[in-house]
Every structure is written in C-alpha cells, then in structure tokens.
Amino acid sequence: MSPRFTILLPTHDRAEVVGYAIRSTLAQTDPDFELLVVGDGCTDGTADVVASFGDPRIRWFDFDKAPGFVYANRNRALAEARGDLIGFIAHDDLLLPDHLEIIGPAFDDDRVEWAYTRPLWMDDEGRAVPFAVDLRRASEFRRFLTEVNSVPASCIVHRRACLEAYSYWPEEIPASGDWELWRRILGPSDGANLAYVPIPTTIHFRAAWRSGRGWGPPPLDLWLDAAAGATDGGAATQPTAAEDRLIQAITWGRIEADPVGWPARLRAEARETIDRIAWETGLELSR
C-alpha cells in the first residue's frame, strides 16, 4: 500500500545536521509517509548517518553531484515517489512532530493543490521569528509571485499530480528552483488552489552557506530584534554559545524531551512575537 506522503530531503555534505532532520521526520505523529533522502555527491559520512536509522520508510539515493542546488537529482528521486502528497525538509531544518497531522487536512478540499503552514525562522542564538505571510491576501500573493519567496520549502506540501501538471523542479536555473516551481503551481489559478494553515509546524534555520543577518526575506533582521524582546526567555530562547553545540541539536533535544509541550510553548511565544511586532509597528506608524 502506498504512503499518503512523500517527504523529500535533499542533502550535500551536512552529515553533522542531516540526522536531526531525519529524526524529526521519523517522529511524525502521522506515520503514513516515505522519506526520500537525496544525496547530491556527498563525500562525508552522510550515507552512514542515513543507514544508521534502519527505518524501512527511508529510501537513500546516492547520486553524483548535480549542477547548482541539486534540482536534477531531486527530480530523479521524485520520479519514484509513491505518495499522493509531496512535502519537503531541508537538511538543516526540523519538522515539529505534528507537521503532517496539521497540514494533511488542508487537502481534504479537492480544490487545494498546494498548502503551507506559518513559517518560523530560528537564528543561531535560538530566537524564533514567525512570519505573517498570508498568501490568501491579493497583495501578499502578488508580492510572492513577483518579488520575494518568503515561505521555506519545509513548510510546504503539494499534490504529486502537480509535478505532471506544472512540471518538475526547473533544472535550467541555478537557484531559487523552489520559488519557480511554486509560481508555476499557483500562478495559473491566481492562488485559488492554495491553502494556508497559520500554525508553525516547522523550524527553518540559517543555511551554512549564508552569513550575516540578511539570510532570510526582509524584514527578518528587524523581526529578530522584536523577537528578542517579545518574551522574557522560554522555549524560543536557547543559549548556544556556552554549550558549543549546533542549534539543531539543542532544539531537537528539547523537542524529543517534550514532543507535545515544547512545540505548544514555541507556538505560544510565536503568537506573543507577532503581537509585539504589531504593537511596535503601530507605534512607529503613529509617529
């Protein structure tokens, strides 16, 4: 029997973090999925990390390096996907345990081809920033199509049928292939085929190749400052410097220790952060 979900995890030489991404996927409260780990010319210990899990839901694709951001290799793996719904996780991101459980019901509506949950970005100091990205609003949708991709791929699930209807990942471009694919899916219907679940269900971290504070869409740097003052410490304020550990390791440890309570506290802090940003924005506008 085919699984309902196929989760695609492309990776290149990030053995130190990819295991946490895999753990967060295997910990889903909805177990009806397969996980396709797509190695893009990995030269480190990634294959050993994947093999260490021994879970039959994992399928390992050990491909030679493809040009750019592994789009050709993603397509080779997706051609073998068995799920009706396609989800994603970056090798340095984490899924909260109920990600599939929360986003799955969006597809009970046959009109929905593409759905996403509220983006939640976390910096190296553990500050979590929820993005208020509601693509159901015409102005935000237009900006998404023409100016900036503000939704990390880990937040997104789409129907497998979209690959045949709108084409696979674009192999002819060097970067932003996810954004191009999303626009192909959403553009023809002017967004009538999307669904938004305004609950954070994934955590998006800074990619290793990005530096500085400009590693996300604007106004991430300003919102990081707001997040720092939104709460007096808590689930989203995680000390890292003293522990000298990867932020993914620290965050996964907290999720694993309290898979229900910790995500609930993180979401509560996300709501407080949005309220803080709204309050400070209102004050600034009033001036």
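Look up a bit, the structure's there.
Per-chain numbering applies: the sequence of each chain, read as written, is numbered from 1 onward. Note on the predicted model: pLDDT of at least 70 is required for a residue's local features to be given, and 80 or more for side-chain atom pairs to be given and counted; whole-chain, interface and lining totals, by contrast, use all residues. Heavy atoms from the whole structure form the basis of all side-chain values; hydrogens and water molecules are not counted.

## A word on the overall build of the protein
- Comment: elements are numbered from the N terminus, with helices defined as DSSP H or I runs of at least four residues and strands as E runs of at least two. Along its length, the protein carries ten helices and eleven strands.
- When each of the 287 residues of the protein is scored for burial, the buried share is 54%.
- Whether two residues are in contact is decided by their heavy atoms, any of which lying within 4.5 Å being enough. A sequence separation of at least 24 residues applies to 77% of the contacts in the protein between residues at least 6 apart.
- Only the protein chains shown count as cover for residues, and all accessible areas are computed by the Shrake-Rupley method using a 1.4 Å probe. Split by element, the accessible area of the protein, about 12700 Å² in all, is 52% carbon and sulfur. Throughout, exposure labels follow a simple rule: accessible area from a 1.4 Å probe, protein chains only, divided by the maximum for the residue type, with under 20% read as buried, over 50% as exposed, and the rest as partly exposed.

## Things to note about the packing of helix α5 (residues 138-146) against helix α7 (residues 177-186)
- Structural elements are reduced to axes, namely lines fitted to C-alpha atoms, with helices fitted over the stretch in contact, and the angle between N-to-C directions of any two is expressed from 0 to 180 degrees. Two elements in contact, α5 and α7, have axes separated by 9 Å at closest approach and are oriented at 130°. Compared by their axis directions, α5 and α7 come out oblique. Listed contacts from α7 to Phe141, Phe144, Leu145 and Thr146 of α5 are Trp179, Trp182, Arg183 and Leu186.
- Amino acids are sorted into nonpolar (Ala, Val, Leu, Ile, Met, Phe, Trp, Tyr, Cys and Pro), charged (Asp, Glu, Lys and Arg) and polar (every other residue, Gly among them). Tallied by class, residues from the contact of α5 with α7 come to six nonpolar, one polar and one charged. Reported orientations rely on four angle classes, namely roughly parallel under 35 degrees, roughly antiparallel over 145, roughly perpendicular from 65 to 115, and oblique for the rest.

## Topic: the pattern of salt bridges
- Put simply, a salt bridge is a Lys or Arg side-chain nitrogen that is within 4 Å of an Asp or Glu carboxyl oxygen. Under the counting rule described, the total for this entry stands at 20 salt bridges.
- Two residues, Arg267 and Asp98, come together in a salt bridge whose shortest N-O distance is 2.7 Å. Placement of Arg267 in helix α10 (residues 261-286) and of Asp98 in the loop between β5 (94-95) and α4 (99-103) is noted, with a sequence separation of 169 residues between them. Here Arg267 and Asp98 have matching classes, each one buried.
- As a salt-bridge pair, Asp109 and Arg111 come within 2.8 Å of each other at their nearest N and O atoms.
- The partly exposed category is assigned to Asp109, whose relative accessible area is 27%.
- Here Arg111 falls in the exposed class, since its relative accessible area comes to 63%.
- Members of the salt-bridge network, linked through shared partners, are Glu34, Arg59, Glu80 and Arg82.

## Considerations on α7
- Taken across its ten residues, α7 has seven buried, putting it largely inside the fold.
- Among the residues of α7, those classed as buried are Gly177, Asp178, Trp179, Leu181, Trp182, Ile185 and Leu186.

## Things to note about the packing of helix α1 (residues 15-26) against helix α9 (residues 247-257)
- With their axes 9 Å apart at the nearest point, α1 and α9 run at an angle of 25° to one another. Judged by the inter-axis angle, α1 sits roughly parallel to α9. Where α1 crosses over α9, the handedness of that crossing is left-handed. Contacts between α1 and α9 pair Val17, Tyr20, Arg23 and Ser24 from the former with Gln248, Ala249 and Trp252 from the latter.
- Across the contact of α1 with α9, the residue classes tally to four nonpolar, two polar and one charged. By the definition used in this description, the sense in which the near helix is turned from the far one sets the handedness, with an anticlockwise turn below a right angle giving left-handed and a clockwise turn giving right-handed.

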